[in-house]
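# Fold and contact review
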Amino acid sequence: MWRVGSKAACEACRNLVSTNMGVRFRIPLQKLHPLSRAIHHRYSGNSNPHRPPHRTAARYFTSMSRLPMRPLKPSRSGGHNYQQQRNFWVARLAARLLKLRYILLGTAVGGGYTAKKTYEEWRDMLPDFSEYNWVIPDFVWELSEQIDLDKLAKALPEMEEIAKLLPDFEKIGENFTFLKSLLSSSVSLGSEVKGASGLHLLLETSVDPALKATDSTAAGSHDAGDKQYKKSSDKEKVDQLQEELLRTQLKYQRMLERLEKENKELRKVVLQKDDKGIHQRKVKKSLIDLYSEVLDILSDYDSNYNTQDHLPRVVVVGDQSAGKTSVLEMIAQARIFPRGSGEMMTRSPVKVTLSEGPHHVAMFKDSGREFDLTKEEDLAALRHEIELRMRKNVKEGQTVSSETISLSVKGPGIQRMVLVDLPGVISTMTTGMATDTKETIFSMSKAYMQNPNAIILCIQDGSVDAERSIVTDLVSQMDPQGRRTIFVLTKVDLAEKNLASPSRIQQIIEGKLFPMKALGYFAVVTGRGSSSESIDSIKEYEEDFFQSSRLVRDGMLKAHQVTTKNLSLAVSDCFWKMVSESVEQQADVFKASRFNLETEWKNNYPRLRELDRNELFEKAKNEILDEVISLSQVTPQHWEAILQKKLWERVSTHVIENIYLPAAQTMDSGTFNTTVDIKLKQWTDKQLPHKALEVAWETLQEEFARFIAEYKGKDQDDIFDKLKEAVKDESIKRHKWNERALDSLRVIQHNALEDRSITDKPQWDAAIQFMEETLQSRLKDTESVIRDMVGPDWKERWLNWKNRTPDQHIRNETKNELDRLLKLHDDHTAYLANDEVTTVRKNLEGRGVEVDPALIKDTWHQLYRRHFLQKALSHCNLCKRGFYYYQRHFVDSELECNDVVLFWRIQRMLVITANTLRQQLTNTEVRRLEKNVKEVLDDFGEDVEKKTQLITGRRVQLAEDLKKVREIQEKLEAFIEALHKDK
């Protein structure tokens, strides 16, 4: 029964296609479609068991060929039935035509289904470009309605061009089939293939279903072709397959790079397009720009509450000359850092904010200049500027600095992240370095890596022995579990060339050589070591190296572990993952810190505004400028009175001692006037103008200080005292009096002293009063000196119980002896003769007082000075009525008042000099002082360190902390909001 059924089924299969069509297909069963092959094996048996199955003839079946079974047709010998069939040959012809229609329809449907399945399989093999949506800024998606997408679509490549790039699926399928059979027959060979390239997993997951369907047939024909397989080495087959896979991967990679390059150009067009006022609207800041602003504020923040900065950033650490800077430049796609041959070039941390933009430019945080990174002259200027800033940050006597240089780099296709390049870790200090350089670099690196959310990019030089590495031990101490460390092996080209055992590179990349752990391991090449290489040439060299490298070909390095492009993608993904996980927690920390600071301010300074250091400086600056302006409101009378008084105090001693007293010793009026004129001329030429300018400058300083002191009493804040004092001192130090006024002042003073004509009685009386006040003041000072010399008199000794010292006793005896001499010689000269000194000494010795001749002369000088001043005062009283005789030039009169004329000349010179100095002060010097004060304030305002020194106190620091914490919290909240929208 089963045999009869099998024959019937086989007969049905043969009758599906008419023999009258004249077409026969003799196709091996392995080439049939799987559905047709399944139908054939179900309904057809093998009539000849000795005949091989694959040699059985089979007609072509389609997916529509599985028809219901019909009973067998009877033979032509049945007469009645045969006659009936002959009569209806037209119906049979129509049935055949209808059967042909169904065959054609089934063939079309089956072919369409097969084409659709092939297209879906090809589409699944393409990468998912939806993961790259974050590359395009937010505002670009908002422009979709304003941009003609049809024009952009025309710029994309045609499907025919993409189809040409597809691999030969048939050839790959044959290789997969062979390798699958090889794996099933040889366990050792399969393990070798799996360990070398990981293709076993690929076979299990990504083999085409149609290829899997042919496995049973391939297994059946394995014995027949066993001799042919043994002719070629199994190792060669594996190498050939790996090369084929590598070429396929590189082909896809080139296609992706070409598409990305076209995507960059399209993004440039979109970002630069200025249709319908796009750029007239305010463009929102990108996520990375918002985040970088928060880090910039935190870098300057120093809180007394120990609020630590735990926001993520990528910290680039490594041994000196390990290639840290080169890796960073490859990620930034520009040679932006200064370079040296073996010497330390990175002397301070450099924070680089990478973001996407239409133009490849760089800019410092505190500068508005943009450096075009596509131009070599701008690149050279940028490197020079970075070097200058590093040298400026390094203080004298130091080698490195902890002050951060903030730089932002934008360009098409750049991954968004924030990196900090640190000075390279050193093991030995060289000449010229500070003694603490090694410890400073270690502490700086630890400070950045201690941040639990910092991503550590550990750079290791692959061209040197791994045992010489210092940074790996440091990184393993900071991140022992390797939860936030990415290991990068540089200079792999030199390592492959120099190392005798390439397996050491594999051990490093697999994390088996170093004790440290990491999230990922990468191998990169950053050029041939020439500083003149461009980024494009380095990329091309890196791609060519890994394409031909035996490390990749032998499976020691995986394709996703090589090139700086894969590294930058991995670092960016890790960075943003860390940011998303930690930023809200850090915002809560700063929120709590803000609450504590605000509570302290309310308790300690409830009635004061929260003014930070800059605001306090501006307030003090306005007060100081108001005080300087007040100098212009001083009345001329006040200026002249002060100047006249101070000038006379400065020159009175010289006038009395060097002019008046010597001239008064002459015997007649002619000699007196001649002596006075000569001495006044010498004084005016050499000393008087300089003394006058000194007095004017001191007066200006004193008035300036007086206004500051008076303003201080009006609700003045004591916090400004140090600042105002420093501004005053610095302004006075910078102020230089106009030297051209010296010559004109000398001429004015000389003319004033030349005049002897007193025109009226009031001037005469004023001169008499001036002379009398001067002589009385001098007499009072002289008597005070004599009293100090001789000690207390008898009244003070009795009443105050005071006694004379031995020296005062000797001087008192000498004074008494000299007083007797003056009484005997009232017109004695100013000096004692030698015989007179001897006589006085012998008289004192006779009373038992031993005295030195010098002491006698010194005592005589003070006694004669008192005697002279007393006589001059008496003469001054006589001259009060001498104006009449003066007008007659003292003719027929014994009274001569030439000394009164001298004091009138001095007084008139003082008045004219004070008037001249006042005009110069009000017209020139006050304005110049005000200008100097403004310059000093401007200089202090730009000097942050100076302001910190001059405006201090807990109140200032608290206001500073409050401002910074609020700003950080606001920036963090804005960033978190933008981050949630971006998700």
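Small disclaimer: the values here were computed from a predicted structure and weren't measured. (Residues numbered from 1 in each chain as written. Predicted model: local features only at pLDDT ≥ 70, side-chain atom pairs only at ≥ 80, totals over all residues. Heavy atoms only, no water.)

### Thoughts on the overall build of the protein chain
Convention followed: Going along the chain from the N terminus, every DSSP run of H or I of four or more residues is numbered as a helix, and every run of E of two or more is numbered as a strand. Buried, partly exposed and exposed residues are distinguished by accessible area as a fraction of the type maximum, computed with a 1.4 Å probe on protein chains only: under 20%, between the cut-offs, and over 50%, respectively. Any two residues whose heavy atoms approach within 4.5 Å are treated as being in contact. The Shrake-Rupley method, run with a 1.4 Å probe, gives the accessible areas here. Residue values count only the displayed protein chains as cover.
A count of helices and strands for the protein chain gives 39 helices and nine strands. Burial status across the protein chain gives 42% buried among its 983 residues. A separation threshold of at least 6 residues defines the contact pool for the protein chain, and within that pool the share at least 24 residues apart is 80%. Summing over all exposed atoms, the protein chain offers an accessible surface of approximately 55700 Å²; the carbon and sulfur share of this is 51%.

### Brief notes about helix α25 (residues 613-630)
Inclusion rule: One fewer than the residue count of a helix, multiplied by 1.5 Å, yields its expected span.
Over its 18 residues, α25 extends 26 Å from the first C-alpha to the last, a length consistent with the 26 Å expected when each residue adds 1.5 Å. Restricting attention to buried positions, one finds in α25 the residues Arg613, Leu616, Phe617, Ala620, Lys621, Glu623, Ile624, Leu625, Glu627, Val628 and Ser630.

### What about the sheet that holds strand β4 (residues 371-372)?
Here is the rule: Two strands qualify as a pair provided DSSP detects at least 2 bridges between them.
Taken in spatial order, the nine strands line up as β4-β3-β5-β2-β6-β1-β7-β8-β9 in an open sheet, and their pairing is mixed. Strand pairing shows two members of the sheet lacking a second neighbour, β4 and β9 (520-523), which therefore form its edges. With seven bridges connecting them, strand β2 (residues 350-356) and strand β5 (residues 405-411) associate as parallel partners. Of the residues in β5, the one forming a bridge with valine 352 is leucine 407.

### Some words on a nonpolar patch on the surface
Stated precisely, the cut-off is as follows: Patch membership needs two things, relative accessible area over 30% and no salt bridge, and members are linked within 9 Å if like-charged or within 5 Å if nonpolar (Val, Leu, Ile, Met, Phe, Trp, Tyr). Salt bridge, as used here, is a side-chain nitrogen of Lys or Arg placed within 4 Å of a carboxyl oxygen of Asp or Glu.
Nonpolar side chains collect at one region of the surface, where Trp794, Trp798 and Leu799 lie side by side and expose about 480 Å² of accessible area between them. By secondary structure assignment, the location of tryptophan 798 is in helix α32 (residues 794-800). Judged by its relative accessible area of 67%, tryptophan 798 is exposed.

### A word on the confidence of the model for the protein chain
The condition that has to hold: A score between 0 and 100, pLDDT records how confident the predictor is in each residue.
The predicted model of the protein chain averages 75 in pLDDT, with 71% of residues at 70 or higher. When pLDDT is averaged over each element of the protein chain, strand β1 (residues 314-318) comes out on top at 92 and helix α10 (residues 199-206) at the bottom at 31. Contacts for the low-pLDDT stretch residues 182-225, under 50 throughout, to residues beyond four places or in other chains number 38 contacts. pLDDT under 50 marks residues 274-284. Its contacts with residues more than four places away, or in other chains, come to 13 contacts.

### Considering the pattern of salt bridges
Summed over the entire model, instances satisfying the criterion amount to 45 salt bridges. Residues arginine 954 and glutamate 600 are paired through a salt bridge, measuring 3.1 Å at the closest nitrogen-oxygen approach. With arginine 954 in helix α39 (residues 954-982) and glutamate 600 in helix α24 (residues 564-604), this pair connects stretches of sequence that are 354 residues apart. Each of the salt bridges in this network shares a partner with another, and the network as a whole consists of Arg594, Glu598, Glu610 and Arg966.

### Notes on the pairing of β2
Of all seven residues in β2, seven are buried, a share of seventy percent or more. Side chains Val350, Val352, Leu354 and Glu356 project from β2 onto one buried face, and the interleaved Lys351, Thr353 and Ser355 project onto a second face that is buried too. Note that β2 and strand β6 (residues 417-421) share five bridges and pair antiparallel. Residue valine 352 lies in a different strand from β6, and its bridge partner there is leucine 419.

### Side note on the state of the cysteines
This is how the line gets drawn: Disulfides are defined as pairs of cysteine sulfur atoms found within 2.5 Å of each other.
Applying the stated rule across the entire model yields one disulfide. The side chain of cysteine 879 participates in a disulfide bridge whose partner is cysteine 897; the two sulfur atoms lie 2.1 Å from each other. Measuring the twist about the S-S bond at about -100°, one finds the cysteine 879-cysteine 897 disulfide to be left-handed. With cysteine 879 in the loop between α35 (853-878) and α36 (883-887) and cysteine 897 in the loop between α36 and α37 (898-942), the pair connects residues that are 18 residues apart, well separated along the chain. As far as burial versus exposure is concerned, cysteine 879 and cysteine 897 are alike and both buried. Lacking any disulfide linkage, cysteine 876 is separated from the closest cysteine sulfur, that of cysteine 879, by 6.8 Å.

### Some details on the packing of aromatic side chains
This is how the line gets drawn: Only the six-membered ring of Trp is used, alongside the rings of Phe and Tyr, when aromatic pairs are assigned; centres must lie within 6.5 Å, and planes under 30 degrees apart are stacked while those over 60 apart are edge-to-face, with the rest tilted. Placement of a positive charge over a ring is assigned whenever Lys NZ or Arg CZ falls within 6 Å of the ring centre and within 35 degrees of the normal to the ring plane.
Counted under the stated rule, the structure contains 16 aromatic pairs. Taking the centre distance of 5.6 Å and the plane angle of 80° together, the rings of tyrosine 291 and phenylalanine 575 count as edge-to-face. In this pair, tyrosine 291 sits in helix α15 (residues 287-299) while phenylalanine 575 sits in helix α24, placing the two residues 284 residues apart along the sequence. For phenylalanine 575, a relative accessible area of 0% puts it in the buried group. Both rings, one in tryptophan 576 and one in phenylalanine 975, keep their centres 6.4 Å apart while their planes meet at 25°; by these two values the pair is stacked. Taken as a pair, tryptophan 576 in helix α24 and phenylalanine 975 in helix α39 lie far apart in primary sequence, 399 residues in all. You'll find tryptophan 576 and phenylalanine 975 in the same group, each marked buried. An aromatic cluster of three or more residues is present, and its members are Trp648, Tyr660, Phe770, Phe868 and Phe903. Residue placement shows arginine 389 over the ring face of phenylalanine 364; its charged tip is 4.0 Å from the ring centre. One Lys or Arg, lysine 947, reaches over the ring of phenylalanine 617 and ends 5.6 Å from the middle of that ring.

### Remarks on the nonpolar core
Selection criterion: In plain words, nonpolar cores are sets of buried Ala, Val, Leu, Ile, Met, Phe, Trp, Tyr and Cys residues tied together by side-chain atoms within 4.5 Å.
If you look at the biggest cluster of nonpolar residues, it comprises 101 residues, and the most contacted ones within it are Tyr660, Trp683, Trp764, Ile906 and Val933. Broken down by element, the residue count for this core peaks at 17 residues, all from α37. Not counting the four nearest positions on each side in its chain, valine 933 is found in contact with Ile624, Leu625, Val628, Phe704, Val727 and Ser731. Ranked by size, the runner-up nonpolar core spans 59 residues in total, among them Ile288, Ile297, Ala334 and Leu407.

### Points about the packing of α24 against α39
Basically, it comes down to this: Only the stretch in contact is used when fitting a helix axis, every axis being a line fitted to C-alpha atoms; angles between N-to-C directions are given from 0 to 180 degrees. Helix crossings are classified by the rotation of the near helix relative to the far one: an anticlockwise turn of less than a right angle makes the crossing left-handed, while a clockwise turn makes it right-handed. Residue classes follow a fixed rule: Ala, Val, Leu, Ile, Met, Phe, Trp, Tyr, Cys and Pro count as nonpolar, while Asp, Glu, Lys and Arg count as charged, and any other residue, Gly among them, counts as polar.
For the pair α24 and α39, the least separation of the axes is 9 Å and the interaxial angle reads 150°. Relative to α39, the crossing made by α24 is left-handed. Its residues placed into classes, the contact of α24 with α39 shows 16 nonpolar, five polar and nine charged.

### Side note on the pairing of β9
Side chains Gly520 and Phe522 project from β9 onto one buried face, and the interleaved Tyr521 and Ala523 project onto a second face that is buried too. Note: strand β8 (residues 485-490) against β9, four bridges, orientation parallel. Residue pairing in the sheet places leucine 489 in a bridge with alanine 523 of β9.

### Comments concerning the packing of helix α26 (residues 636-664) against α35
Heads up, the condition is: Any angle that falls under 35 degrees is termed roughly parallel, while one over 145 is termed roughly antiparallel, one within 65 to 115 roughly perpendicular, and all others oblique.
Running from N to C, α26 and α35 point in directions that differ by 70°, and their axes come no closer than 12 Å. Judged on the interaxial angle alone, α35 and α26 are roughly perpendicular. Across the interface between the two elements, Ile656, Glu657, Tyr660, Leu661 and Ala664 from α26 touch Arg865, Phe868 and Ala872 from α35. Broken down by class, the residue content of the contact of α26 with α35 amounts to six nonpolar, no polar and two charged.

### Considerations on the environment of lysine 880
With respect to the element layout, lysine 880 can be found in the loop between α35 and α36. Residue class for lysine 880 comes out partly exposed when judged on its relative accessible area of 38%. Contacts of lysine 880, omitting those with residues within four sequence positions, involve Lys761, Trp764, Asp765, Ile768 and Glu772.

### Structural notes on the environment of isoleucine 456
Structurally, isoleucine 456 is set in strand β7 (residues 455-461). Judged by relative accessible area, which is 0%, isoleucine 456 ranks as buried. Each C-alpha atom of the pair isoleucine 456 and arginine 483 lies 9.6 Å from the other, and the pair is 27 residues apart in sequence. In this structure isoleucine 456 touches Val315, Val317, Met449, Val475, Met478, Asp479, Arg484, Thr485 and Ile486, once residues within four positions along its chain are discounted.

### Looking at unusual backbone geometry
Backbone geometry at serine 321 places phi at a positive 65°, although glycine is not the residue there. When you line up the elements, serine 321 lands in the loop between β1 and α16 (324-332). Residue classification places serine 321 among the partly exposed positions, given a relative accessible area of 43%. Here the phi dihedral of threonine 563 falls at roughly 75°; this positive angle occurs in a residue that is not glycine.

### Points about helix α33 (residues 806-824)
Taking 1.5 Å per residue as the helical rise, α33 with its 19 residues ought to reach 27 Å, and the 28 Å between its terminal C-alpha atoms agrees with that figure. Inspection of α33 places Gln808, Arg811, Asn812, Glu813, Thr814, Lys815, Glu817, Leu818, Asp819, Leu821 and Leu822 among the buried residues, and these make up the whole buried set. Residues of α33 that are buried make contact with α31 (761-790), α34 (834-846) and α35.

### Some details on the side chain of arginine 613
When you line up the elements, arginine 613 lands in helix α25. A relative accessible area of 10% places arginine 613 in the buried class. The residues contacting arginine 613, other than those within four sequence positions of it, are Lys947, Thr948, Ile951, Val956, Gln957 and Glu960.

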